[in-house]
Amino acid sequence: AQSVTQLGSHVSVSEGALVLLRCNYSSSVPPYLFWYVQYPNQGLQLLLKYTSAATLVKGINGFEAEFKKSETSFHLTKPSAHMSDAAEYFCAVNIAFSGGYNKLIFGAGTRLAVHP
Amino acid sequence: EAGVAQSPRYKIIEKRQSVAFWCNPISGHATLYWYQQILGQGPKLLIQFQNNGVVDDSQLPKDRFSAERLKGVDSTLKIQPAKLEDSAVYLCASSLSLEQYFGPGTRLTVT
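Now for a look at the structure at hand.

Quick notes on the rules
Residues numbered from 1 in each chain as written. Chains lettered and ligands numbered in written order. Predicted model: local features only at pLDDT ≥ 70, side-chain atom pairs only at ≥ 80, totals over all residues. Heavy atoms only, no water. Phe/Tyr/Trp six-rings, centres within 6.5 Å; stacked < 30°, edge-to-face > 60°. Helix = DSSP H or I, 4+ residues; strand = E, 2+ residues; numbered from the N terminus. Buried < 20%, exposed > 50% of the residue type's maximum accessible area, 1.4 Å probe, protein only. Core = buried A, V, L, I, M, F, W, Y, C linked by side-chain atoms within 4.5 Å. Pairing = 2+ DSSP bridges. Axes fitted to C-alpha atoms, helices over the stretch in contact; angles between N-to-C directions. Contact = heavy atoms within 4.5 Å. Buried area = accessible area lost by both parts, 1.4 Å probe. Salt bridge = Lys/Arg side-chain N within 4 Å of Asp/Glu carboxyl O. Nonpolar A, V, L, I, M, F, W, Y, C, P; charged D, E, K, R; others polar.

**So, the packing of aromatic side chains**
Move 1: Counted by the stated rule, this structure contains 14 aromatic pairs over all chains.
Move 2: With a centroid separation of 5.8 Å and 55° between ring planes, the pair formed by Tyr36 of chain A and Phe106 of chain A is classed as tilted. Taken as a pair, Tyr36 of chain A in strand 4 (residues 33-38) and Phe106 of chain A in strand 10 (residues 101-106) lie far apart in primary sequence, 70 residues in all.
Move 3: Here Phe106 of chain A falls in the buried class, since its relative accessible area comes to 10%.
Move 4: Ring plane angle 75° and centroid distance 6.2 Å describe the contact between Phe106 of chain A and Phe102 of chain B, whose orientation is recorded as edge-to-face. Of this pair, Phe106 of chain A sits in strand 10 while Phe102 of chain B sits in strand 10 (residues 100-102), placing the two residues on different chains. Both residues of the pair, Phe106 of chain A and Phe102 of chain B, belong to the buried class.
Move 5: The structure contains a cluster of three or more aromatic residues connected by ring pairs, namely Phe34, Tyr36, Phe90 and Phe106 of chain A together with Tyr33, Tyr35 and Phe102 of chain B.

Below is the structure:
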């Protein structure tokens, strides 16, 4: 069964430091993977997605993620954190089921704090 | 292009009362999802519609939760009667293909 594990429920970095948010997946088939961001009192916004094309995926706001099949990982990175990056980040794996439908399974989330 | 609209944004009710949430998806999106997001957890899919038909409601507590999507556009999610553990943010999303677009959510507090 497909699942997602996000290591670290809270990550704190200094402004300008590297951001690394970890995501490992479990899937019996080549997965489609997503990173979403959620700002306080808002819905989820798609940052980037992997759909079996390039393994290094670039997203919005300077974020990128690399799909590593051998490590079953899809970690999210950003070279230099901004204060505005403080939010909750969710990794998700797509599950395809009968009838050609798809649904997302989300990890528990990682709250990113950025301090001056 | 307008995003996914949800109302109300906040709701406080007492346990055993009923409550309903409304969602208007992005125009033309055939697939609509309702998620429950409990504090400190990722969103959990409750029910998924394709047009006005249900394709997955395996995680919906059917003894108290119900949802409908009339005419394949707007949708309502109802809880009756509410329990304390239903306190959560209820997110609606819609999609045309793989990518899901989320509304701002309704924060429900059950006291």
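**Describing the nonpolar core**
Move 1: Of all hydrophobic cores here, the largest spans 26 residues; its most connected members are Trp35, Leu47, Leu48, Phe74, Leu76 and Tyr89 of chain A.
Move 2: Among the nonpolar cores identified, the runner-up in size contains 21 residues, and Ile26, Leu32, Cys92 and Val110 of chain B belong to it.

**Structural notes on the sheet that holds strand 8 (residues 73-78) of chain A**
Strands pair in a sheet through their backbones, by hydrogen bonds, and they do so in one of two ways: parallel or antiparallel.
Residue and element names in this part refer to chain A.
Move 1: Across the sheet, five strands lie side by side as 1-3-8-7-6; this open sheet has antiparallel pairing. Each edge of the open sheet is held by one strand with a lone partner, namely strand 1 (3-7) and strand 6 (56-58). Averaged over neighbouring strand pairs, the angle between their axes works out to 20° when direction is ignored.
Move 2: Of the pairings in the sheet, the one linking strand 1 to strand 3 (residues 19-26) comprises five bridges and is antiparallel in character.

**Observations regarding the interface of chain B and chain A**
Move 1: Contact with chain B, which involves 23 residues of that partner, is made by 21 residues of chain A.
Move 2: With both chains or domains summed, chain B and chain A bury close to 1,700 Å², and 56% of this area falls on carbon and sulfur atoms.
Move 3: The largest contributions to the chain B side of the interface with chain A come from Leu98, Glu99 and Phe102 of chain B, which together make up 32% of the buried area.
Move 4: The tally of links from chain B across to chain A stands at two salt bridges.
Move 5: Asp56 of chain B is paired through a salt bridge with Lys103 of chain A; the nearest N and O atoms lie 2.7 Å apart.
Move 6: Contributions of two or more residues to the side of chain B that touches chain A are made by strand 4 (31-37), strand 5 (44-50), strand 6 (53-56) and strand 10 of chain B.
Move 7: The class makeup of the residues in the side of chain B that touches chain A is ten nonpolar, nine polar and four charged.

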